[in-house]
Amino acid sequence: MTSMQGKVALITGGSSGIGQATAVALAKEGVKTVISGRSSAGLKKTISEVNAAGGKIQSIEADLMDPASIERLVADAASAFGQLDYVINSAGTQGEVNIFADQRLESYEEVFATNVRGTFLVMKHAIPHLLKQGGGAIVNLSSGGGLVGVPGASVYCASKHAIMGLTKVAAIDYAKQGIRVNAVNPGGIDTPMLRKFFESIPDEGERKTARAGFDKSHPIGRTGTADEVAEAVVFLCSPKASNIVGIALSVDGGYVAN
Ligand SMILES: NC(=O)c1ccc[n+]([C@@H]2O[C@H](COP(=O)([O-])OP(=O)(O)OC[C@H]3O[C@@H](n4cnc5c(N)ncnc54)[C@H](O)[C@@H]3O)[C@@H](O)[C@H]2O)c1
């Protein structure tokens, strides 16, 4: 039995990529998970992977662009297994990759509604449930782009820097009440989000060059895996991270150190 056995986690973006890997990694520690997402096929895949790992899981379809949907999601997540101990905000969107002045307002609105307002509202509604448990942990998926600038990704980077602000202040506000709030800042991670970005480059040669250049921009020489990020999330939730509050934990093969 692990020290996390029987705890309950809400994972947004649990239908894909890092959220999916985190559900499986937490299940291996005996944590029951409630996953949310928009794709029922993706949610089903996570459920079968968690079941195969011997875990307990429930799923809730929710659109984080809709504030009422978020309020319902958190209430339903807290009642799914009768408690809520951990919250992992993994849902996110990258918006457009475009030079600054060509970024469209519509993309800005979508990125900020999902990444910033969505994270803010999930935290706001979840914190009272964590307080009822006498504490807990929140892990927000920021990004290397939440610490440094990434060319062509001004709006995404701004949203991920905003997540750092939410993380740090919530961490300070609730540290004495036993809620530890931290961020994980991945570099390039091989998930549907990253694959979609490279697939959007129409020319095959350009696509291969861009991909190779991106790999090289990580000192480790490769992008990461969703499982590597999930391990960092599990650590930050666990009692092993009991003195870790308000940090940005880079899981990026040295990307921001470069
Ligand atoms: N993959 C990377 O290279 C990378 C790097 C740094 C940070 N991140 C961050 O990690 C997190 C997870 O990304 P990923 O790589 O697993 O991507 P992904 O595209 O595989 O998963 C993102 C998830 O967010 C969900 N989502 C997006 N908009 C939503 C909305 N409006 N309502 C509900 N759900 C919504 C999607 O359904 C999906 O489940 C994101 O916040 C992303 O910004 C990813």
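Per chain, residues are indexed from 1 in the order of the written sequence. Given that the model is predicted, a residue must reach a pLDDT of at least 70 before its local features are reported, and side-chain atom pairs must reach 80 or more before they are shown or counted; all residues, however, enter totals for whole chains, interfaces and linings. Values shown for side chains rest on all heavy atoms present in the structure; no hydrogens or waters enter the calculation.

**Q** Please clarify how the overall build of the protein should be interpreted in this entry.
**A** Helix and strand definitions here come from DSSP, where helices need a minimum of 4 consecutive H or I residues and strands a minimum of 2 consecutive E residues; each element is numbered from the N-terminal end. Per the secondary structure count, the protein includes 8 helices and 7 strands. Taken over C-alpha atoms, the radius of gyration is set against a globule rule of 2.2 Å times the number of residues to the power 0.38. Taking 18 Å as the expected radius of gyration for a compact globule of 258 residues, we find that the protein reaches 17 Å, a close match to that expectation. Taken along its principal axes, the extent of the C-alpha atoms in the protein is 50 × 35 × 35 Å. The buried label goes to any residue with under 20% of its type's maximum accessible area, the exposed label to any with over 50%, and the partly exposed label to all in between, with areas taken from a 1.4 Å probe on protein chains only. Every one of the 258 residues in the protein was classed for burial, and the buried ones make up 48%. Should any heavy atoms of two residues lie within 4.5 Å, those residues are counted as being in contact. Of the contacts formed within the protein by residues at least 6 apart in sequence, a portion of 70% connects residues at least 24 apart. Only the protein chains shown count as covering a residue, and every accessible area follows the Shrake-Rupley method with a 1.4 Å probe. Carbon and sulfur atoms make up 54% of the accessible area of the protein, which totals about 11,800 Å². Charge centroids of the protein, computed over 24 positive and 24 negative side chains, lie 7 Å from each other. Positive residues here are Lys and Arg, negative ones are Asp and Glu, while His and the chain termini are left out of the count. Charged side chains are reduced to one point each, which is NZ for Lys, CZ for Arg, CG for Asp and CD for Glu.

**Q** Which parts of the structure should I look at to understand the sheet that holds strand E1 (residues 8-12)?
**A** Within a beta sheet, neighbouring strands are joined by backbone hydrogen bonds and run either parallel or antiparallel to one another. The pairing criterion is simple: DSSP has to find at least two bridges between the two strands. Here we have 7 strands laid out as an open sheet, ordered E3-E2-E1-E4-E5-E6-E7, and parallel in their pairing. Two strands close off the open sheet at either side, each with one partner strand: strand E3 (57-61) and strand E7 (248-251). Ignoring which end each strand starts from, the neighbouring axes of this sheet average 20° apart. Angles shown run from 0 to 180 degrees and are taken between the N-to-C directions of axes, each axis being a line fitted to C-alpha atoms and, for helices, limited to the stretch in contact. Sitting on the sheet, helix H4 (residues 105-132) is in contact with E1, strand E4 (86-89), strand E5 (136-141) and strand E6 (179-186), with an inclination near 170° to E5.

**Q** Hey, could you run me through the environment of Asp190 in this one?
**A** Assignment of secondary structure puts Asp190 in the loop between E6 and helix H6 (192-199). The exposure class of Asp190 is partly exposed, given its relative accessible area of 35%. When the C-alpha positions of Asp190 and Gly224 are compared, they lie 6.1 Å apart, and in sequence the two are 34 residues distant. Once residues lying within four places of it in the same chain are set aside, the contact partners of Asp190 are Arg195, Arg211, Thr223 and Gly224.

**Q** Before we go on, may I ask you to explain the pattern of salt bridges in this structure?
**A** Opposite charge on two side chains makes pairing possible when the charged atoms of those side chains draw close. Any Lys or Arg side-chain nitrogen located within 4 Å of an Asp or Glu carboxyl oxygen qualifies as a salt bridge. Under the criterion given, the structure shown has 7 salt bridges. Linking Glu49 and Lys45 is a salt bridge whose minimum nitrogen-to-oxygen distance equals 2.9 Å. Here Glu49 and its partner Lys45 are both found in helix H2 (residues 40-52), 4 residues apart, which amounts to about one turn of the helix. A relative accessible area of 30% places Glu49 in the partly exposed class. A salt bridge links Arg211 to Asp215, with the shortest nitrogen-to-oxygen separation between them at 3.4 Å.

**Q** So what exactly am I meant to see when it comes to the site of the ligand here?
**A** Residue proximity to a molecule or strand is established when one non-hydrogen atom of the residue lies within 4 Å of it. Around the ligand, 26 residues are found, and the nearest of them are Ser16, Ile18, Leu64, Tyr156 and Thr191. The separation between an oxygen atom of the ligand and a polar side-chain atom of Lys160 is 2.8 Å. Here a polar contact is taken to be a pair of N or O atoms separated by no more than 3.5 Å, where protein atoms must pair a possible hydrogen donor with a possible acceptor and residues adjacent in sequence count only if both atoms sit in side chains. In the model, an oxygen atom of the ligand is placed 2.8 Å from a nitrogen or oxygen of the Ile189 main chain. Computed on the free molecule, the ligand has an accessible area of 820 Å², of which 93% lies beneath the protein chains in the complex. For the shell around the ligand, the elements supplying multiple residues, two or more each, are helix H1 (17-28), helix H5 (154-174) and H6. A breakdown of the residues in the shell around the ligand according to their chemical character gives 11 nonpolar, 12 polar and 3 charged. Residue polarity is assigned by list, with Asp, Glu, Lys and Arg as charged and Ala, Val, Leu, Ile, Met, Phe, Trp, Tyr, Cys and Pro as nonpolar; anything else, Gly included, falls into the polar class.

**Q** What's the story with H2 in this structure? I'm lost.
**A** Given 3.6 residues per turn, any residue in an α-helix points the same way as the ones three and four places further on. Under the convention used throughout, the expected extent of a helix is 1.5 Å for every residue step, that is, one less than its residue count. In this model, H2 (13 residues) spans 18 Å end to end at C-alpha, consistent with the 18 Å of a helix rising 1.5 Å per residue. Among the residues of H2, Gly42, Leu43, Thr46 and Val50 are the ones counted as buried. Buried residues of H2 fall within an arc of 100° about the axis and therefore sit on the same side. For H2, the exposed residues set more than 90 degrees away from the buried face come down to Ala41, Lys44 and Ala52. Summarising the contacts, the buried residues of H2 are in contact with H1, strand E2 (32-37) and E3. Taking the helix axis as origin, the arc is that swept by the directions to the C-beta atoms.

**Q** Just checking my understanding: could you explain the pairing of E5 for this structure?
**A** Counted residue by residue, E5 has 6 buried out of 6 residues, so it is predominantly covered. Of the two faces of E5, both are covered, the one formed by Gly136, Ile138 and Asn140 as well as the one formed by Ala137, Val139 and Leu141. Look down the strands so they point away from you; if going from the first strand over the helix to the second traces a clockwise path, that crossover is right-handed. Considered for its hand, the β-α-β crossover made up of E4, H4 and E5 is right-handed. Across 6 bridges, E5 lies against E6 in parallel orientation. For Asn140, the partnering residue across the bridge sits in E6 and is Ala183. Read from E5 through H5 to E6, the crossover connection turns out right-handed.

Everything listed here is a matter of geometry and, on its own, says nothing about what the molecule does.
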